[in-house]
Amino acid sequence: MTKTDQVPGTRRKGSQTRADIQEAALSLFTERGYDATSMREIAEQLGITKAALYYHFDSKEAVIRSLFTDHLRALEDLLDWAAAQPRSPQLASELLGRWLTLSGQRGLKTMRFAAANHTALKAVVPPGQGSAMERIDQATRIILGPDAPLQDQLRVRMALLSVHSTVLAAQGTRAENADILTASIRAATLLVSDLFPAPEIPIIE
């Protein structure tokens, strides 16, 4: 990852600096390993001072917790939107598509980090905070309704988990993020193809 482009004499906005720190830290943690990466190296990667880094995050642990918290909050916002819509095959398709798109953005990188740093992650993310199963259950109910057959529920859950499952399957391979997302979209589409229209999802590099 290269240093974030910045016009000399200008300053990043606070929210952009926070996002840049998360992105740089995630790349370094995945590339070098969580334990082998220091806060100083994260600051150097971005070309900012340690004081600027500590203004947003007081530790590596705080950076990781924020990644999971932000991803879960984005899923919650999506579910709040979907719950307010009338249930239909089109809504089911759009909800799955938006869910996979979120998972394919920073969610995918976070999952790859988690797969590569499983032991460190246990010590950083409190029990329950890193779990998305309640959101998956809620999404499944919105998509199918409360009384759907168990087999349909399982298929939709597997579709919602397709990015996570493909990240695990990709370990030990040379798969890039686009490869993982493409495979997960195809798997999700096959799982639900006879339940509602296939979602339209852009491939995210």
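Placed above this text is the structure.
Reading the values: rules and limits
Residues numbered from 1 in each chain as written. Predicted model: local features only at pLDDT ≥ 70, side-chain atom pairs only at ≥ 80, totals over all residues. Heavy atoms only, no water. Helix = DSSP H or I, 4+ residues; strand = E, 2+ residues; numbered from the N terminus. Buried < 20%, exposed > 50% of the residue type's maximum accessible area, 1.4 Å probe, protein only. Contact = heavy atoms within 4.5 Å. Areas by Shrake-Rupley, 256 points an atom, 1.4 Å probe, with all protein chains shown as cover. Axes fitted to C-alpha atoms, helices over the stretch in contact; angles between N-to-C directions. Parallel < 35°, antiparallel > 145°, perpendicular 65-115°, else oblique. Left-handed = near helix turned anticlockwise from the far one by under 90°. Nonpolar A, V, L, I, M, F, W, Y, C, P; charged D, E, K, R; others polar. Phe/Tyr/Trp six-rings, centres within 6.5 Å; stacked < 30°, edge-to-face > 60°. Lys NZ or Arg CZ within 6 Å of the ring centre and 35° of its normal. Core = buried A, V, L, I, M, F, W, Y, C linked by side-chain atoms within 4.5 Å. Salt bridge = Lys/Arg side-chain N within 4 Å of Asp/Glu carboxyl O.

Draft legend 1. Summary view of the overall build of the protein chain. A tally of regular secondary structure across the protein chain gives ten helices and zero strands. Taken from N to C terminus, the helices and strands of the protein chain fall in the order α-α-α-α-α-α-α-α-α-α. In the protein chain, which comprises 205 residues, the share counted as buried stands at 42%. Sequence-distant contacts, at least 24 apart, represent 69% of the contacts inside the protein chain between residues at least 6 apart. With the model as given, the accessible surface of the protein chain reaches about 11,200 Å², and the carbon-plus-sulfur share is 52%.

Draft legend 2. Region of the structure containing the packing of helix α7 (residues 133–144) against helix α8 (residues 150–160). Here α7 crosses α8 at 125°, and the two axes come no closer than 10 Å. Judged on the interaxial angle alone, α8 and α7 are oblique. Along this stretch, α7 crosses α8, giving a crossing that reads as right-handed. Judged by residue contacts, M133, I136, D137, A139, T140, I143 and L144 of α7 engage D152, Q153, V156, R157 and L160 from α8.

Draft legend 3. Seen up close, the packing of helix α9 (residues 162–170) against helix α10 (residues 177–192). Following both chains from N to C, one finds α9 and α10 inclined at 130°, their axes separated by 9 Å at the closest point. Taken together, the axes of α9 and α10 lie oblique to each other. Handedness of the α9/α10 crossing: right-handed. Every residue of α10 that contacts α9 at S162, V163, T166, V167 and A170 is listed here: I180, L181, A183, S184 and A188. Of the residues assigned to the contact of α9 with α10, the class counts are seven nonpolar, three polar and no charged.

Draft legend 4. Highlighting the side chain of T140. Looking at the element boundaries, T140 is found in helix α7. The class of T140 is buried, set by a relative accessible area of 3%. Sequence-distant contacts of T140, defined by excluding residues within four places in its chain, comprise G145, Q153, V156, R157 and L160.

Draft legend 5. A look at the packing of aromatic side chains. Counting across every chain of the model gives one aromatic pair. Between the aromatic rings of F29 and Y34, the centroid separation amounts to 5.0 Å while the plane-to-plane angle is 65°, which identifies the pairing as edge-to-face. With respect to burial, F29 and Y34 carry one shared label: buried. Sitting over the face of the ring of Y34, K60 holds its NZ or CZ atom 4.4 Å from the ring centroid. The side chain of R98 reaches across the aromatic face of W81, ending 3.9 Å from its centre.

Draft legend 6. Spatial organisation of the nonpolar core. Counting residues in each nonpolar core, the largest one holds 32 residues, and the members touching the most others are L95 and W99. Of all the secondary structure elements, the ones that give two or more residues to this core are α4 (60–83), α5 (89–116), α7, α8, α9 and α10. It is α5 that provides the largest number of residues to this core, a total of eight residues. Among all residues touching L95, those that are not within four sequence positions of it are L78, L79, A82, A139, I142 and I143. Ranked by size, the runner-up nonpolar core spans 22 residues in total, among them I21, L26, F29 and L46.

Draft legend 7. Main features of the pattern of salt bridges. All chains considered together, the criterion is met by ten salt bridges. Of the charged contacts in the structure, one is a salt bridge between E94 and R98, with a shortest N-O distance of 2.6 Å. One end of the pair is E94 and the other is R98, both in helix α5 and four residues apart, which spans about a single turn. Judged by its relative accessible area of 35%, E94 is partly exposed.

Draft legend 8. Here's a closer look at helix α2 (residues 39–46). The buried fraction of α2 amounts to six of the eight residues, a majority that puts the element mostly inside the structure. For α2, the full list of buried residues reads M39, E41, I42, A43, Q45 and L46. Positioned one or two residues after α2, G47 has a phi angle of 70°, which is positive.

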